[in-house]
Amino acid sequence: MAQVTVSELAKTVGASVDRLLMQMKEAGLPHTSEDASVSDEEKQTLLAYLKGLHGESAREPKKITLQRKTISTLKSGNRKTVNIEVRKKRTYVKRSDEEIKAQADAEAEEQARREQAAAAAPSFSVDDVELKRQAATEARRKAEEEAQLQQQEKAKAEEEARKAAEAIAEAQAQEAKAPGKAAPAAKATIAAEPVHDKGRRHGKPVDDDDDKLGKKVKKPLGKGGKKKTRLEIEEDEAARKIPRLRSGIPAPLKIDNKHTFQKPTAKKVLEVQIPAEISVGELSQRMLTKSGVVVKQLMKMGVMASINEVIDQETAFLVVEELGHKPVEEQIESIEDQLARQFEEIKSEGQEEPRAPIVTVMGHVDHGKTSLLDYIRKSRVASGEAGGITQHIGAYHVDTPKGMVTFLDTPGHAAFTAMRARGAQSTDVVILVVAADDGVMPQTEEAIQHARAAGVPIVIAINKMDKEGADPERVTNELAAKDVIPEEWGGDTQFVKVSAHTGDGIDELLEAVLLQAELLELKAPVDVPARGVIVESRVDKGRGVVATALVQQGTLRKGDFMLAGESVGKIRAMTDEAKRPTNEAGPSIPVEILGLDEAPNAGDEFFVVADERKAKEIAEQRQAKARQERMSRQQAAKLENMFTDMGAEQVNKLNLIVKTDVRGSLEAINSALHDFATAEVAVDIVASGVGGITESDINLALTTGAIILGFNVRAGSAARVLAEKEEVEVRYYSVIYNLLDEVKQALSGMLAPETREEIVGIAEVRDVFRSPKFGAIAGCMVIEGTVFRNKPIRVLRDDVVIYQGELESLRRFKDDAQEVRNGMECGIGVKDYNDVKPGDLIEVFDVTQVQRSL
């Protein structure tokens, strides 16, 4: 604590310094001067001495009284202001040590007494406890019987009171009908006793002296002059009367105006569900806060928004986090989610049965995938394909001696990456075919990546073992380098050596595939609506939309209503891979279906639904979503092109219209064509589709100046006549190599030629002569190559170009010369340049243009 001097203390207490020093000396304090400091303890000593002089004790006070006064203002309804003064008084009493000690001793004695009583209490036996329990039960039963008797008496009394009241009311009614007859008795006062008043008696006859109202009531006389006993029925009018205002309106109930709300001790953190877009007002309601707080936080973030404006989800997340809550993305279950959940529930309810494995054959182009399947299927598919390569994804259902297997044959060409990815996603086992004489190639690596991404086991088939240059050990080493380890080396991948021509190893390959399928324990429900994936789709001129569907669960039947991607329809016909009609297909069975309204995308999942209206609604939603995404991509491309084209050279575009036979080939060709784009040239696919070339395609090509590419399709007779008339270029292809090569050549022709410079001669300046006609003439010696008069030159000084231009004159002695060879002297006049000095080099170069290619 702070100390004060004697003079300051004297000034505080209002006494002189001398008198204070004298009192301090009498109190036994050692202060002699006014500059001496006084501590708090010394102040207490002085205070105790002074109190002793007045006969008071110096001990601490026993009682402290605190008073507080607050004034507040209250505004009434008639605009009057009333000042309210609240006074509070609180007294604290300090107990003495003797009282505290006495209370502690009393508590100790009470505790000891209880312990002694508990120790002295006799121990009860089991019989005593049972007797007590029976006594308690008997007492409870008697109490219940007494309560029932009281209720019966009460009901009986109420019934008698009601009958007496009816009799009096009847007598009054008779008197009213005969007004000339004097009433022999006065009216009786009837009081309805409240049910809850336990102090009243019911049904007991009373005398006049027992009248509760304090006045004599005459009893009515019955027939024969007998007096009737009446029941005591009292009515407390004051208790039953409802309080009312002067206007007659019932007065409002008086409720104890006490707050029941308790202020929370800690801030409550909420999980706020936030959709894709939300208004500021709704966001504040979900956070249980005022909208002004949210608007203020948005202003701090640089967003000016009112309470009714809509903000995006990202901004709402930031606002919620800044205000101390936890944002959660709101999950709105769409119709598609409901459909998927419904099929999952159906799948769990159905009885699962073993199904055939779905095997995808993958590998590099021309490694023998289709030939291997041909031997298994005993067919000749590869010989019928254009160019001898697979350009469609095919699905085949084969009954082998080892069991039933479904094969998916995928293309190996680089352009069919998406097809291979779809094949890996739809399969159970992947057969990776590697040619023994070719080894691991780029598409082999890609197939390994697809299989690993899909989590599908791999079986390696080393094909072409019948060739002389077959080297299986090399293939094994190359695959091991790609982390595909054979079982012989301690890995988990089966390697089988086969030959598609001789059939060697085919049985071992099938055994390996079925063994892998047994380990997977493949099962699927059969007696549920079908669900699967679209492998391929096309538009057939005679049959319409034809889609290859692979059933993954359930049974697909003719007449079912199918939803596949953006297309819907009722199945009109079903055929197997051998073009035989069928009525149903179970799990792992591929079929061709007819009846969809448009060709679905390859890879789309299909469902068999019972509600056609819901299926069409889902298809319309998907179409609208795809249209919106397509428009947003086009808009983004336009904006990007606008900013890119500003200050840049115009990109040359090759307009194309692509028509193919199947959807998978269209996807592969479009992807490959877009990969040709560079900073100078690009492919602009004006339109693409599945089916033959029509007149509308010709008109569109005429309008946009596009070239029509037909892959395994042809133009109709009317379209062909129109194309010849309008001179629209239509090209047909059956092999994807040829299509891509010709488009690449066309784009290469659109590239600007590359300019190259070649130095053809160098002359060294030995001396400079002045000519009135030509100005400065350099006397030179050709030290390298040949100097030509009509080619551009550069003047170099200390190996630095100081001028670039052309020759004005080239002379050998006094004669004009067109060229001067190495080792000869000549005179050179540089056009519009006279600052040539001895020691400079004149470099003659030739400019050539070279055609570029992609």
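Just so it is clear, the model here is predicted, and its values are computed rather than measured.

*Asks:* Whenever I open this one, a nonpolar patch on the surface confuses me. Can you help?
*Replies:* There is a patch of nonpolar side chains on the surface, built from Leu 74, Val 82, Ile 84 and Val 86 and spanning about 290 Å² of accessible area. It is strand S4 (residues 81-93) that provides the largest number of residues to the nonpolar patch, a total of three residues. With respect to the helices, strands and loops of the structure, Val 86 is situated in strand S4. Residue Val 86 is classed as partly exposed on the basis of its relative accessible area, which comes to 34%.

*Asks:* What should I look at first to understand the pattern of salt bridges in this one?
*Replies:* Where charged atoms from two side chains of opposite charge approach closely, those side chains can pair. One pass over the structure, following the stated rule, counts 33 salt bridges. With its nearest N and O atoms 3.7 Å apart, the salt bridge here joins Glu 271 to Lys 326. Taken together, the residues Glu 271 in strand S5 (residues 271-274) and Lys 326 in strand S8 (residues 326-329) connect sequence positions 55 residues apart. Relative accessible area serves as the criterion here: at 45%, Lys 326 is assigned to the partly exposed category. The residue Glu 592 makes a salt bridge to Arg 543 at a minimum N-O spacing of 3.8 Å. A residue pair is termed long-range when its members are at least 10 positions apart, and Glu 592 in strand S23 (residues 590-596) and Arg 543 in the loop between strand S17 (531-540) and strand S18 (544-553) qualify at 49 residues. Given the relative accessible area of 10%, Glu 592 is considered buried. Overall, the relative accessible area of 31% leaves Arg 543 in the partly exposed class. One network of salt bridges, in which partners are shared, links Arg 538, Asp 540, Arg 543, Lys 579 and Glu 592.

*Asks:* Explain helix H13 (residues 442-454) here, please?
*Replies:* For an α-helix the count is 3.6 residues per turn, leaving residues at separations of three or four pointing the same way. For H13, built from 13 residues, the straight-helix expectation of 18 Å at 1.5 Å per residue is met to within 8% by its first-to-last C-alpha distance of 19 Å. When H13 is considered as a whole, its buried residues turn out to be Gln 443, Thr 444, Glu 446, Ala 447, Ile 448, His 450 and Ala 451. The first or second residue beyond H13 is Gly 455, which carries a positive phi of 70°.

*Asks:* Just to check I follow, could you spell out the packing of helix H11 (residues 369-377) against helix H15 (residues 506-520) for this structure?
*Replies:* Each pair of packed helices can be summarised by the angle the axes make with each other and by the distance between the axes. Contact pair H11 / H15: the axes reach a minimum separation of 11 Å and the direction vectors enclose 95°. Viewed along their axes, H11 and H15 adopt a mutual orientation that is roughly perpendicular. Note on element contacts: H15 touches H11 through Ile 506, Leu 509 and Leu 510, opposite Leu 372, Tyr 375 and Ile 376.

*Asks:* How do you make sense of the packing of helix H2 (residues 17-26) against helix H3 (residues 40-53) when you look at a structure like this?
*Replies:* Where H2 meets H3, the closest approach of the two axes is 9 Å, and the angle between their N-to-C directions is 85°. One finds that H2 runs roughly perpendicular with respect to H3. Of the residues in H3, those in contact with Leu 20, Gln 23, Met 24 and Glu 26 of H2 are Leu 46, Tyr 49 and Leu 50. Across the contact of H2 with H3, the residue classes break down as five nonpolar, one polar and one charged.

*Asks:* It is not clear to me how helix H8 (residues 291-300) should be interpreted in this structure. Could you clarify?
*Replies:* Within H8, the full set of buried residues consists of Val 294, Gln 297 and Leu 298. An end-on view of H8 places all buried positions within 100° of arc, on one side of the element. In H8, the exposed positions that point more than 90 degrees away from the buried face belong to Lys 296 and Lys 300. Residues of H8 that are buried sit in contact with helix H7 (280-286), strand S7 (310-312) and helix H9 (313-322).

Calculation notes
Residues numbered from 1 in each chain as written. Predicted model: local features only at pLDDT ≥ 70, side-chain atom pairs only at ≥ 80, totals over all residues. Heavy atoms only, no water. Patch = residues over 30% accessible without salt bridge, like charges linked within 9 Å, V, L, I, M, F, W, Y side chains within 5 Å. Areas by Shrake-Rupley, 256 points an atom, 1.4 Å probe, with all protein chains shown as cover. Salt bridge = Lys/Arg side-chain N within 4 Å of Asp/Glu carboxyl O. Helix = DSSP H or I, 4+ residues; strand = E, 2+ residues; numbered from the N terminus. Buried < 20%, exposed > 50% of the residue type's maximum accessible area, 1.4 Å probe, protein only. Expected span 1.5 Å × (residues − 1). Axes fitted to C-alpha atoms, helices over the stretch in contact; angles between N-to-C directions. Parallel < 35°, antiparallel > 145°, perpendicular 65-115°, else oblique. Contact = heavy atoms within 4.5 Å. Nonpolar A, V, L, I, M, F, W, Y, C, P; charged D, E, K, R; others polar. Arc of directions from axis to C-beta.

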